Amino acid sequence: MSLDREWRFAYVNQTMERLLKRSRTDLDGRGIWECYPDLIGSAYYRTFHEAAASGASRTCTAYYVPLACWFEARAFPDANGLTVLFRDVSRERQQSAQLEYHADHDYLTGLANRRRCTQVLARAVAQAAEQAAQAQVAVLPAGMQAQAPQAAGVVVLFVDLDRFKEVNDAFGHAVGDTLLCKVAERFRALLAPSAFVARVGGDEFVFILRDARPGQAERFAGTILAGVSQPFQVDGHTLLLGASVGIAQWPEAGDTADTLLNHADAAMYAAKAAGRFQFRVFHLDLAQGLRQRLQLRADLHAAMADDQLVLHFQPQWSLPDGRLAGAEALLRWQHPTRGLLPPAAFLDVLLESPLEPAVGLWVMRAVCRQIAAWRRGGLTVPRISLNLSARQLVMPGLAGLLADLAREHEVPCGLLDVEVTEDTLMTDLDSAAAALDELRHCGISASLDDFGSGYSSLAYLTRLPVVTLKIDRSFVAVLGSAPEALAVIRGVIALARSLGMRTLAEGVETHVQQRLLAEEGCDAAQGYLLGRPMPAADFAVVMGQSVVARGD
Ligand code: C2E
Ligand code: CA
Ligand code: CA
């Protein structure tokens, strides 16, 4: 369209007629501000006037409410007045608004996402820092002690759902997604006006509290835990969840958004490690622990490369006749500066590191290689057990792999046994049962480790092709002192018998324990009393001096 120098319509083209939904005969010769009084003072109004006054072209984009449209207007002044080119940019605007929304929000739950979370946290920290700085500048009479300014704290709560993966695995992703939406809904309802919540990962959420008073973080963590533990109804299923919460507070736990988030994450991790369904506040020791873990992880890489891992072997004895029934291979790390480390010093770091499969494979190969070496030395080798992690057990092709390794080293599969824990089995019972079946077909037996320390749901036992039940150390330890312990062990032995399983008691440390176990009909035992875990060479001596039990 063109406007004359009196702001009257001089020309309106067809497109403009369509955009304005007005015919040109309607507009020709009339003043634009009369026809569109609502434009007065708008961005268009200012732009047109600027263009006219400066003699140079001007552009603006603005929303025009009566037509519900975004227009881009480019005004070109000339001697006759102003020519304006309009373009409807509503569609582009909408798309970019949508893009902006999705850049900041999580598709599934509609909560803010990690990107936005970091932005909000950075802003909250900057504001709090500014407030604190102002409080410090406040002039105090000379000689008067400045009272520590009660800076408004910023609190980050990192929430990770406990066992969410199990829901996903058991009921499928659709149910998992719905559950996440319900969790998000519940979290949103917990929010006070100045609080903020985001979903920052699969089952990870972050709350940010501004102006937090002392103790508020802990109370809010309690609220989150209570909120999440109320049952959820999804598709006719009643689902129970837990959560682990890590708290990081500004300024104690860091002064940037990234540090605070990392430290809240670390604290959450500590809450999980301490047994889940609780919260932990980040403090410096925790940071130190974190650094140590990172160092350990780096060292583990070197350990693999430099061949610092070794296996020790702990003998297992047949109780009725005192013959050597087998041995358990236990992992050790000959650390260059810290000496010989037991699994407790590194296993949890290992299990969550990408090195885990490599170490698992190393153990399997090392066991086979060692058996082969002993056999070449003329020893009669009993069955050797090796410990499998949860992930290893359900690794596709595990049985084939282990059987291949055995064949490669000319070790009969009957000399191999794998130990798995209840926890390992319960994570994915079907896959675990299938894996144990495959192993059995290859002639490799299985032991249920630490029996009694975990779920102790007896129902699943019947489904598993397990040859040996290893009675947990905790039961054996109280044998002879707590009268119930004997009853429990008696029960376990009877149960194992009825299922056709053999029993092996772990952690036998006293003669009394050994005698009681033998009297109760326990098949085998392992423990410091009967032999500590020892280097391969020492176990060779034990084998050389013992009669090896056969066919149990
Ligand atoms: P576990 O499978 O229950 O192994 C038995 C643990 O009890 C061993 O600790 C052993 O040294 C200890 N022990 C044996 N007899 C006695 C006793 O009479 N009294 C006491 N108090 N303890 C006794 P270790 O070698 O430190 O291993 C700890 C855990 O590390 C093992 O527990 C096992 O879960 C894990 N582990 C060991 N080697 C491997 C491996 O190669 N792979 C995997 N995934 N895990 C392993
Ligand atoms: Ca074991
Ligand atoms: Ca055990």
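Residues numbered from 1 in each chain as written. Chains lettered and ligands numbered in written order. Predicted model: local features only at pLDDT ≥ 70, side-chain atom pairs only at ≥ 80, totals over all residues. Heavy atoms only, no water.

Asker: Would you mind showing me how to read the side chain of Ser-447 here?
Answerer: Among the structural elements, Ser-447 can be located in strand S18 (residues 445-451). Residue classification places Ser-447 among the buried residues on the basis of a relative accessible area of 3%. Polar contacts involving the side chain of Ser-447 include one to the side chain of Asp-417, which spans 2.7 Å. For Ser-447, the contacting residues outside a window of four places in its chain are Asp-417, Val-418, Glu-419, Val-420, Val-466, Thr-468 and Lys-470. (Helix = DSSP H or I, 4+ residues; strand = E, 2+ residues; numbered from the N terminus. Buried < 20%, exposed > 50% of the residue type's maximum accessible area, 1.4 Å probe, protein only. Polar contact = N/O pair within 3.5 Å; in protein donor to acceptor, adjacent residues only side chain to side chain. Contact = heavy atoms within 4.5 Å.)

Asker: Honestly, the coordination of the calcium ion (ligand 3) in this entry has me stumped. Any pointers?
Answerer: Expected angles at a metal are 109.5 degrees for tetrahedral coordination by four donors and either 90 or 180 degrees for octahedral coordination by six donors. For the calcium ion (ligand 3), the protein coordination sphere consists of Asp-449 (OD), Asp-450 (OD), Glu-506 (OE) and Glu-506 (OE), at 2.1 to 2.5 Å. Sequence positions of the donors to the calcium ion (ligand 3) reduce to the motif D-D-x55-E. The distance between the calcium ion (ligand 3) and the calcium ion (ligand 2) is 4.0 Å, with Asp-449 acting as a donor to both metals. Highlighted residues: Asp-450 in strand S18 and Glu-506 in the loop between strand S20 (502-505) and helix H20 (511-520), separated in sequence by 56 residues. Take Glu-506: its relative accessible area is 8%, and that puts it in the buried class. (Donors = N, O, S within 2.8 Å, 3.2 Å for Na, K, Ca; no water.)

Asker: When you look at the nonpolar core in this model, what are you seeing that I'm missing?
Answerer: Soluble globular proteins: nonpolar side chains tend toward being buried together. Counting 85 residues, the largest nonpolar core has Ile-384, Leu-393, Leu-425 and Phe-539 as the members making the most contacts within it. It is helix H13 (residues 356-376) that contributes the most residues to this core, ten residues altogether. When sequence neighbours within four positions are dropped, the list of residues in contact with Ile-384 reads Phe-313, Ala-327, Ala-329, Val-367, Ile-371, Trp-374, Leu-415, Leu-416, Asp-417 and Phe-539. Of all hydrophobic cores here, the second largest spans 32 residues; its members include Val-155, Val-175, Val-234 and Leu-241. (Core = buried A, V, L, I, M, F, W, Y, C linked by side-chain atoms within 4.5 Å.)

Asker: What am I meant to see in the coordination of the calcium ion (ligand 2) here?
Answerer: Bound to the calcium ion (ligand 2) are the protein donor atoms Glu-328 (OE), Asn-387 (OD1), Glu-419 (OE) and Asp-449 (OD), situated 2.1 to 2.3 Å from the metal. For the calcium ion (ligand 2), the donor residues sit on a single chain with the sequence spacing E-x58-N-x31-E-x29-D. We classify Asn-387 as partly exposed; its relative accessible area is 28%.

Asker: It is not clear to me how the packing of aromatic side chains should be interpreted in this structure. Could you clarify?
Answerer: In this structure the tally under the stated criterion is 15 aromatic pairs. Here Tyr-44 and Phe-86 contribute two aromatic rings whose centre-to-centre distance is 6.2 Å and whose plane-to-plane angle is 55°, an arrangement assigned as tilted. One end of the pair, Tyr-44, is in helix H4 (residues 43-54); the other, Phe-86, is in strand S5 (residues 81-88), with 42 residues separating them in the sequence. Since its relative accessible area comes to 3%, Tyr-44 is described here as buried. (Phe/Tyr/Trp six-rings, centres within 6.5 Å; stacked < 30°, edge-to-face > 60°.)

Asker: Just checking my understanding: could you explain the domain arrangement of the protein chain for this structure?
Answerer: Interface size is commonly expressed as the accessible area that is lost once the parts come together. Domain annotation of the protein chain identifies domain 1 (2-88), domain 2 (100-135 + 150-282) and domain 3 (309-544). The gap between the C-alpha centroids of domain 2 and domain 3 is 40 Å. (Domains from an automatic or database assignment.)

Asker: Explain the confidence of the model for the protein chain here, please?
Answerer: In low-pLDDT regions, the fine details of the predicted coordinates are not to be read closely. Per-residue confidence for the protein chain averages 90 on the pLDDT scale, and 96% of its residues sit at or above 70. Note that pLDDT drops below 50 for residues 145-149; the model gives that stretch three contacts with residues more than four away or on any other chain. (pLDDT = per-residue confidence, 0-100.)

Asker: Explain the site of ligand 1 to me, please; I cannot follow it from the model alone.
Answerer: Taken together, 20 residues lie near ligand 1, and Arg-332, Asp-449, Arg-473, Glu-509 and Tyr-528 sit nearest. Here Asp-449 contributes a side-chain N or O atom positioned 2.8 Å from an oxygen atom of ligand 1. Here a nitrogen atom of ligand 1 and a side-chain polar atom of Glu-509 are 2.4 Å apart. For ligand 1, whose free accessible area comes to 800 Å², the fraction covered by protein is 82%. The set of elements that each furnish at least two residues to the shell around ligand 1 consists of strand S14 (324-335) and S18. Sorting elements by how many residues they give to the shell around ligand 1 places S14 first, with four residues. Residues belonging to the shell around ligand 1 are distributed by class as follows: eight nonpolar, five polar and seven charged. (Near = heavy atom within 4 Å. Areas by Shrake-Rupley, 256 points an atom, 1.4 Å probe, with all protein chains shown as cover. Nonpolar A, V, L, I, M, F, W, Y, C, P; charged D, E, K, R; others polar.)

Asker: How should the sheet that holds strand S7 (residues 195-201) be read in this particular structure?
Answerer: Strand pairing in a sheet takes place through backbone hydrogen bonds and is either antiparallel or parallel in direction. Ordered in space as S7-S8-S6-S11-S12, the five strands form an open sheet in which the pairing is mixed. Looking along the sheet, the strands with just one partner apiece sit at the ends: S7 and strand S12 (279-281). Going from strand to strand, the sheet's axes swing by 20° on average, the running direction of each strand aside. Here strand S11 (residues 242-250) runs beside S12; their pairing, made up of three bridges, is parallel. Bridged to Val-245 within S12 is Phe-279. Where helix H9 (residues 216-229) meets the sheet, it contacts strand S6 (153-162), strand S8 (204-212), S11 and S12, and its direction lies at approximately 160° from that of S11. (Pairing = 2+ DSSP bridges. Axes fitted to C-alpha atoms, helices over the stretch in contact; angles between N-to-C directions.)

Asker: What is the right way to read the packing of helix H10 (residues 257-273) against helix H11 (residues 284-305) from this model?
Answerer: When two helices pack together, their arrangement is captured by the angle between the axes and the distance separating the axes. Direction vectors running N to C along H10 and H11 enclose 85°, while the axes themselves pass 10 Å from each other. For the element pair H10 / H11, the angle class is roughly perpendicular. Seen from H10, the contacting residues are Ala-266, Ala-267, Tyr-269 and Ala-270; seen from H11, they are Leu-286, Leu-290 and Arg-293. (Parallel < 35°, antiparallel > 145°, perpendicular 65-115°, else oblique.)

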